[in-house]
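Analysis of the macromolecular model
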Amino acid sequence: MSDYTIPTSNTVTTIDPQATKIRELQSDVTELENRLRALWDKLEGERKHYMEQIRRLEEAGDALANNHSPFTYIDWNKAKEAKP
């Protein structure tokens, strides 16, 4: 018995079940790839945002360290060195 039915005017064509499953899986893979790209783009945007925040905080720390307070300067340099 075949997985195929020859179409005629009063019969419905049945499709190979494996081919149907392959199309469904391909669709699932495409959907997952699109979701992964969207998450990656979101992550990249957040990374850029936080890197900008860090840069601004470093600038503010440098400005505070330049106020000629020896303790502030020493503490700030230790904090910057501890940054990963």
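Before any of the text, the structure's been laid out above.
In what follows, the accompanying structure is described.

Analysis parameters
Residues numbered from 1 in each chain as written. Predicted model: local features only at pLDDT ≥ 70, side-chain atom pairs only at ≥ 80, totals over all residues. Heavy atoms only, no water. Helix = DSSP H or I, 4+ residues; strand = E, 2+ residues; numbered from the N terminus. Buried < 20%, exposed > 50% of the residue type's maximum accessible area, 1.4 Å probe, protein only. Areas by Shrake-Rupley, 256 points an atom, 1.4 Å probe, with all protein chains shown as cover. Salt bridge = Lys/Arg side-chain N within 4 Å of Asp/Glu carboxyl O.

Within the chain, the secondary structure is distributed over two helices and zero strands. Of all 84 residues assigned to the chain, the portion counted as buried reaches 5%. Only carbon and sulfur atoms are counted for the fraction: they give 61% of the accessible area of the chain, which is about 7800 Å².

This part is about the pattern of salt bridges. Enumeration over the complete set of coordinates arrives at three salt bridges. Glu52 is the salt-bridge partner of Arg55, the closest N and O atoms lying 2.5 Å from each other. One end of the pair, Arg55, and the other, Glu52, are both in helix H1 (residues 17–65), three residues apart, so they sit about a helical turn from each other. Notably, a salt bridge pairs Arg55 with Glu59, separated by 2.3 Å at the nearest N-O pair. Of the two residues, Arg55 and Glu59 both sit in helix H1, four residues apart, roughly one turn of that helix. A relative accessible area of 37% places Arg55 in the partly exposed class. Look at the salt bridges and you will find they share partners, linking Glu52, Arg55 and Glu59 into a network.

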